[in-house]
Amino acid sequence: MTLTSDTAPANPNDAGYGTFTIGGFTFSRDEYFATITWPTGTHQLAIDVFLRALQRDVAWGFFYGIVNFDSVFGTVNHYGNVDMFAGRFNDAYRRAEVDYSENFTHDDLMACFQSMLKDWTNDGYDPFAAPQETGQPFGKNNGSNDAAVTRRRVVADRMVSVPGDEQVRTDDMGFPVNRGFADVPQDEPIVEVEPGYEGDVAAYNLFKYISRSDVTWNPSVVSACKESLYCPTSEEFILPVIHGNDRVEWFVQLSDEIQWDVEDRDTGAKRARVICKAGDVAAMPADIRHQGYSPKRSMLLVWENASNRIPEMIARGEISPRAVDF
Amino acid sequence: MAGYTTVFGSLDNYEKGRVIIVDDDPKAYVFSNIFEVASMSKPYEKVAVGKNLEYVLETIRCEGTSEWRVTPHDEFALVMDGTVVVELLDPSGQLVDPDANGSIGLDGEPAGTRMGRITASRGHQALLPAGKCYRFHCDAVGVILLQTIEGPDTIYRWAEICQTEA
Ligand SMILES: [Fe+2]
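The rules we used
Residues numbered from 1 in each chain as written. Chains lettered and ligands numbered in written order. Predicted model: local features only at pLDDT ≥ 70, side-chain atom pairs only at ≥ 80, totals over all residues. Heavy atoms only, no water. Donors = N, O, S within 2.8 Å, 3.2 Å for Na, K, Ca; no water. Tetrahedral: all angles 85-135°; square planar, octahedral: opposite > 155°, others 65-115°. Helix = DSSP H or I, 4+ residues; strand = E, 2+ residues; numbered from the N terminus. Buried < 20%, exposed > 50% of the residue type's maximum accessible area, 1.4 Å probe, protein only. Expected span 1.5 Å × (residues − 1). Pairing = 2+ DSSP bridges. Axes fitted to C-alpha atoms, helices over the stretch in contact; angles between N-to-C directions. Contact = heavy atoms within 4.5 Å. Phe/Tyr/Trp six-rings, centres within 6.5 Å; stacked < 30°, edge-to-face > 60°. Lys NZ or Arg CZ within 6 Å of the ring centre and 35° of its normal.

(A) Spatial organisation of the coordination of the iron ion. All names here are of chain A. For the iron ion, every protein donor is listed as His243 (ND1), Glu249 (OE), Glu249 (OE) and His290 (NE2), and the spread of their distances is 2.1 to 2.7 Å. The coordination sphere of the iron ion comprises 4 donor atoms, whose angles at the metal cover 51 to 134°; the geometry is irregular. Sequence spacing of the donors to the iron ion: H-x5-E-x40-H. With a gap of 41 residues between them, glutamate 249 in strand E14 (residues 249–253) and histidine 290 in strand E18 (residues 288–305) connect regions that are remote in the sequence. Like histidine 290, glutamate 249 is buried.

Shown next as structure tokens:
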């Protein structure tokens, strides 16, 4: 493996950006596009689309299963090592046998992606923000936005607000209420604790917490029942990746509306459109990929089973790709 | 510039979405609505609306006072509608195997020490701690979404609550 660039690229191109090579893949950017080449092909994505997807793949540690940046390029997480692919989940590439995939250690690919994200993100552009809430990513190299691209991911051990665990968001912590949630009540539950039980009697306002998220499409853990994780997130515009499942995932729409475009995980053939409104609950089967559209900032509870046994159990046919057979 | 109106659901006012099929079986999406499920439930029935192997999400219609229950592991109650009071009690003995899954109902009020009380309204999430007892009370009608593990009182009625036709 060669990693030919760092935060200050030694040989910036005409637009001022570094070029990154890892294995057979090379990434370069110009004023409008990311260009990806591999031994058998080449591909381009608009730089805003690419950076938004790259930001999620980095922040989520390659997430569960497949992160498709678009219908051609993406990563498959094997938890410790990662496949980076072109055309692997694209029916035409597969049939023409021009798809390409290469395996990397988690740490090597993460280091490459982090360097690229840092170098290619300009001052004033936040890939986590909704498009209306940030500047443009286009043009020549114009500084950086390290604070935005290296945010800490919230992972509660037990539950947000429990003493010693992740804490609630406040104005003072730099988390004002988002413009899209200005009408969301900011009250807190009444918690009356008997002496000695402070660590076990806890509650907080989850909707207030989500209303103060400064990012979009970034599930973070607020409560954990063993390996069952509540991962709420605030959503606006389009999910920047097409998430291919290696396990069943559930959505609880807490507010407003998201429409999900659901495709076959392997071929990309359309399977369904799922319209989720407040209070709706829907499963995403383990053999699909999905991308959400949220016209107004909305609250989504993503519910995950983090057990590392699941992908193998599904691959071996021991459990159904469906959440429930009824 | 006009502001935004955030739409939450409630028992009195919810609109259910749907699955629009291109080429699939709608049952694959196990699509239901928490408020619709609660509107069809008896008080304190634990109706699964989500299941991922042993883990479940239960919709609970809160109305009046529930029985006391004890949980072997942490559970989390998210109030989706109404105002619900959660009473917590530390039992004087071990009432449940800590390796068991799901909460179990108790006869009457268990002996032990009161730990405290949480009054939670829409959007509030409360910890129901492992090894401890709890009960719910709601003066009117409320709805809880419970993050837990399948237990003896989990109720499955998928065919009644989920979209089955395209
Ligand atoms: Fe997903």
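(B) Region of interest: helix H1 (residues 47–59) of chain A. Residues and elements named next belong to chain A. For H1, which comprises 13 residues, the first-to-last C-alpha distance of 18 Å matches the rise-based estimate of 18 Å (1.5 Å per residue) to within 8%. Within H1, 11 of the 13 residues are buried, which leaves the element mostly enclosed by the surrounding structure. Turning to H1, its buried residues number three or more, namely Ile47, Asp48, Phe50, Leu51, Arg52, Ala53, Leu54, Gln55, Arg56, Asp57 and Val58. Phi turns positive one or two residues past the end of H1, at glycine 61, with a value near 60°.

(C) Examining the sheet that holds strand E3 (residues 33–38) of chain A more closely. Residue and element names in this part refer to chain A. With antiparallel pairing, 4 strands are arranged side by side in an open sheet as E1-E2-E3-E4. A strand with exactly one partner marks an edge of an open sheet, and here the two such strands are strand E1 (20–22) and strand E4 (41–46). Sheet twist, expressed as the mean angle between neighbouring strand axes with direction ignored, is 15°. Strands in contact with H1 are strand E2 (25–29), E3 and E4; relative to E4, the strand with the most contacts, it is inclined by about 90°. Where helix H3 (residues 106–120) meets the sheet, it contacts E1, E2 and E3, and its direction lies at approximately 170° from that of E1.

(D) Main features of the packing of aromatic side chains. If you walk through the whole model with that rule in mind, you get 27 aromatic pairs over all chains. Ring geometry for A:Tyr204 versus A:Tyr209: centroids 6.0 Å apart, planes at 80°, classification edge-to-face. By relative accessible area, which is 1% here, A:Tyr204 ends up buried. By relative accessible area, which is 3% here, A:Tyr209 ends up buried. Put simply, the rings of A:Phe20, A:Phe25, A:Phe27, A:Trp38, A:Phe50, A:Phe62, A:Phe69, A:Phe73, A:Tyr100, A:Phe113 and A:Trp120 pair up and form one aromatic cluster. Here the guanidinium or amino end of B:Lys27 rests over the ring plane of A:Phe326, the centre of that ring lying 5.2 Å away.

Bear in mind that shape data such as this cannot, by itself, settle questions of function.
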